[in-house]
Amino acid sequence: MLRQVLHAGLRTSFHALGRFVASHPVFFASAPVLLSILLGASFSRYRVEEDVESLLAPKHSLAKIEGNLVDSLFPVNRSKHALYSDLQTPGRYGRVIVTTRKGSVLDPVHLDTILKLHHRIYQMQVTVPATGVNSFNYSFSYLCLPDDKNVCIIDDIIRAMEEIQSARTSNSSVPLLRYPITQLADGRQAYIGHQLGGVQGWGPGGAARGPGTGARGEGVRSARALQLTYYLQARGGLMDRVAGQWEKAFCAELQHFAALHPKLGLYPSTSSSLRTDFQFSSVLAHQPLLASLGACGVLAVLCCSMRDCVRSKPWLGLLALLSITLSGLTAAGILNLTGATYNSTYLGIPFVMLGHGLFGSFEMLSSWRRTREDQHVKERVASVFEDVMLRFSGSTMLHLMTLGLAASPLTNMEAVRLFCRTAALAVTISYVYMLSFYSSCLVFTGYLETGYRHSCFCRRVPKPDRLDSKPAWYRCLMYTRYQDEAPTTNPPHVVGHSHAHTPNSNPQHGVGHSHAHTPNSNPQHGVGHAHTPNSNPPHVVGHSHAHTPNSNPQHGVVHSHAHTPNSNPPHVVGHSHAHTPNSNPPHVVGHSHAHTPNSNPPHVVANTDPNPQDSHLLLGCVRRCYGDWITNTYVKPFVVLLYLVYISFGLMGFLQVTQGSDPSALVAMDTATVLYTRAQQRYFSSYSPVIGFYIYESAPYWNASVQRDLLEYAKGFQRISWLEAYLNYLSDRNQSTSQPRENFTNTLRHAFLREPQFAHFADDIIFAERGQGEEPDVAASRIFLVAKTTENKREEMSVLLDTLRRLSLTSRVRFLIFNPSFVYLDRYAAAVSSPLRHSLLAVLFLLGLSSLAVVEPLVSVWLGLTLLSVQFGVLGFMTLWGVELDCMSVLCLISALGHSADCSGPLLCGFSSGRGESRTRWVRVALERHGVPSLQTLICYGAALVPVGSVRSNLTHTLFRCLTLTAGCSALHTLAFLPTLLTFLPPSKSPGQRPDGEAQRQEVECVEMNDSTRVVDQITTV
């Protein structure tokens, strides 16, 4: 009961809203345009997000907390001896990978060229500001990180190569370069595994080993790649600006040097490369997005066109796109005024708006074509609102629910949260503009149709008698069907009819004959025919008229009909007209009907289309071909088999889902970040990035058991450890490693760290003063670990991170591990998948809650199952297509919930609202009413996606693949799976029963008066 009351109240409200909009079309058409123009002027505040790490890394993660602790203990700017580079390094830097087309980078020619490149970079200068008397030239020596001798810190491989070059110049023996840890001339051991790549070592007996297969300490025979890193310090705003200019000059210098030395391949990367290349996707997508808009506009015009030049609505297709564009401009203006920033993930928002907006516009146009043409435009618009807006509002609520929950603080991924917040704002504005701007445009085109004006040129179409004298091309261009041509027009003479109808008989225009009809017979101009039961035409017209006194109809004729209760034909139209006194129409026909109570026709629908060739092409195909074919008994088994295949492949992909935590997978192709990452994976994948092992509390390092534990933790890694070097130092001097605390610390400070080959370990130990005259404690320390890896570097790093973290919980020594890349790996899968999981659960909860009061319970069940099936298929097929589960694919999956609800929701509601006929019949009716608008939306949506697939960007490729799969899976469910499954699964279609003892009600109905105009007045007398 509550459901019926709410439905009636909402329909009444939307009916009143439709009349209000139709009464003020100029205001509702101009207000959105003016508002969009005003807000669009705020683009002077347009800002781009510069912190990519905050977008693509989990916002709240243990790795970020650990990174802050590490930075407070061992800041980069305090390192005085050596630095270890990685894929993502904090601060400002310039990095280059040098490869050789042929030979080794250690060959004399290539080695001299690389050292020449190093000296050019070292001496390179930038001028800031570029012009003016206050300009100053900054070189790398001014910007670099200095050591304790105020000399720039450079990579150890440069020192090793200078030693090799010096030895060759002096014709002395070349020092042996070992891999991955080598020993320099000053006796210091240096890790060069991340600086020398594609290494081929010497095996036993002088045999050559494969690349990257050398054991620790083996000599390097050849190397295919070399990586150099130049660290900069940015102490303030000016120095940060200077460092930014130096990075640009660094890339330009490398590009110039590569042109002069074609035998070398140079792959630069800077601290700003990821941000620049990530935002470059938006720049590349400008023209394809315009092409998408154009392609979608052309198909939208075609989808709104008909052969009838008056009833065709081509401009509404363009106006729907204009409404979506205005809503996007308004949303962008609001973001600019609130200080929000933009990023490349926002490229998916136009497609969210496009799918939802096109669905609403095509649904409104479909409902408009089902309204009665002789009604006033205001009544027709009100009927459209009453018919469509309840479903459209429901689908908008689903969009806002999914996007709103993903935009909540529960989401740990900033890119997902910002996208969903902006998309929810855009969908809301698009909904409002569809109610106002597009509806007012529908009113204007309705007045053009009422005045028989051409839908494109707004010129009045001549009547057939004048059109016959025109050329053929003109007749084709101006073809339309006037109201007086319709078969429903009454004849000019008085005709008497007497009919006795059994239940559900619905005659249309019996002429001068007496007919006996069996139940559900529906004659059309019948002459002495007997009809079989249950013939139900798709369109039935009911008339209701109110006349003032003294109307004098001419040629009145009375018809008598008997109707049973609960007759509920698929299409029923009610007419209501008011007449002034003494109106004298030329033709009047009176009908007398006997109706039993409880007849419950559905909502406003159109007359039977007397000229099928005038109907829309897609509607005609669905009505005459596809609807019968998809519900054919012999086709259903194949559709069910297709659904099983769909589920099987979806499950296959679902079991292979992988997370995509690499930020380089979201940047434009052929950019510095992508080329650098490929070279990094090709030549430097033998070892993991350098992992910092940080002991952040004071520990009894002099204790033998603690020493064993720490050595055991580092076992199996390539390591740069002060503790291991110190213990070896004590053993070489025949000193015990288990000394008292004072002796252990005193020897460490005053003997070990003062040796030149061990002096660099001073950066790895923090001493804390105890008291006057006492040796300080080792408050914190660090060692560096490097793991042997394979091609799946990130997956192995994620496993290693989890393993060492579990170990830190049970260890007596409090330690943590950190690498800058951990902020992207730590809990990435949970951070990415949680918004999708929350949105899906919220939608299912909303459907379950709404089924108690608003929606039919079975509709909620069917819609929930459809959303799950579409999500399952998109997730599985995108994995088979090579798409990983990253923030962009999750954004598409979240928006897919609303898109699939747009397509399948109206079909399910239309099917469940039918009563008294077979399942197959109502499936066909639902396909005609709601399947065609969904098909039109999917066609335009698919055309808009095609240009995006041509953008050379990993981000847009992910967007294109996910949205294409969303559209495809939604189309399969709406046009194939649901129409087939609904023919033999609940809800059932049992006809209503007539209440016992209920008397029939006699009423006089449908007194029609036709004149030469299109307006048909009617009178109803009870």
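Here the structure is a predicted model, which is why all the values come from computation and not from measurement.

Our next topic: the pairing of strand E22 (residues 777–786). For E22, the tally of buried residues reaches nine of ten residues, placing the bulk of the element in the interior. In this sheet, E22 lies alongside strand E19 (residues 691–695) in antiparallel orientation, the contact comprising five bridges. Bridge pairing in E22 links isoleucine 691 to leucine 785. Pairing of strand E20 (residues 718–720) with E22 involves three bridges; the strand directions are antiparallel.

Applying the stated criterion across every chain yields a total of one disulfide. The side chain of cysteine 144 participates in a disulfide bridge whose partner is cysteine 152; the two sulfur atoms lie 1.8 Å from each other. Across the S-S bond linking cysteine 144 and cysteine 152, the dihedral sits near -70°, which makes this disulfide left-handed. Pair check on accessibility: cysteine 144 and cysteine 152 agree, each one buried.

Membership of the largest hydrophobic core comes to 236 residues, with the highest contact counts inside it found for Leu196 and Trp246. Ranked by the residues each element gives to this core, the list is headed by helix H14 (residues 414–450), at 19 residues. Once residues lying within four places of it in the same chain are set aside, the contact partners of tryptophan 246 are Gly94, Ile121, Met124, Val126, Phe140, Leu143, Tyr230 and Leu232. Judged by nonpolar contacts, the second largest core, of eight residues, contains Cys309, Tyr452, Leu467 and Tyr474.

What follows is about the packing of aromatic side chains. Considering all chains together, one arrives at 37 aromatic pairs under this definition. Here the aromatic rings of tyrosine 122 and phenylalanine 140 are separated by 5.5 Å at their centres, their planes lie at 65°, and the arrangement is edge-to-face. Taken together, the residues tyrosine 122 in helix H5 (residues 108–123) and phenylalanine 140 in helix H6 (residues 140–143) connect sequence positions 18 residues apart. When the centroid spacing of 4.9 Å and the interplanar angle of 75° are considered together, the rings of tyrosine 643 and phenylalanine 977 count as edge-to-face. Of this pair, tyrosine 643 sits in helix H18 (residues 636–654) while phenylalanine 977 sits in helix H29 (residues 954–981), and the two are 334 residues apart along the sequence. Among the aromatic residues, ring-to-ring pairing joins Tyr726, Tyr729, Phe744, Phe752, Phe758 and Phe761 into one connected group. Taking NZ or CZ as reference, lysine 788 lies 4.6 Å from the ring centre of tyrosine 687, over its face.

On to the environment of leucine 196, then. Inspection of the secondary structure puts leucine 196 in strand E7 (residues 196–202). Taking the relative accessible area as the measure of exposure, leucine 196 reaches 0% and is therefore buried. Apart from the residues lying within four places of it in its own chain, the contact partners of leucine 196 are Val105, Ile157, Leu177, Tyr179, Val220, Ala223, Ala225, Leu226 and Phe684.

A contiguous nonpolar surface patch, about 730 Å² in accessible area, is contributed by Val640, Leu641, Leu644, Val645, Phe649, Met652, Leu880, Phe984 and Leu985. Considering each element in turn, the nonpolar patch owes the most residues, six residues, to H18. Its location among the elements puts leucine 641 in helix H18.

Each value, and the rule that gives it
- Residues numbered from 1 in each chain as written.
- Predicted model: local features only at pLDDT ≥ 70, side-chain atom pairs only at ≥ 80, totals over all residues.
- Heavy atoms only, no water.
- Buried < 20%, exposed > 50% of the residue type's maximum accessible area, 1.4 Å probe, protein only.
- Helix = DSSP H or I, 4+ residues; strand = E, 2+ residues; numbered from the N terminus.
- Pairing = 2+ DSSP bridges.
- Disulfide = S-S within 2.5 Å.
- Core = buried A, V, L, I, M, F, W, Y, C linked by side-chain atoms within 4.5 Å.
- Contact = heavy atoms within 4.5 Å.
- Phe/Tyr/Trp six-rings, centres within 6.5 Å; stacked < 30°, edge-to-face > 60°.
- Lys NZ or Arg CZ within 6 Å of the ring centre and 35° of its normal.
- Patch = residues over 30% accessible without salt bridge, like charges linked within 9 Å, V, L, I, M, F, W, Y side chains within 5 Å.
- Areas by Shrake-Rupley, 256 points an atom, 1.4 Å probe, with all protein chains shown as cover.
- Salt bridge = Lys/Arg side-chain N within 4 Å of Asp/Glu carboxyl O.

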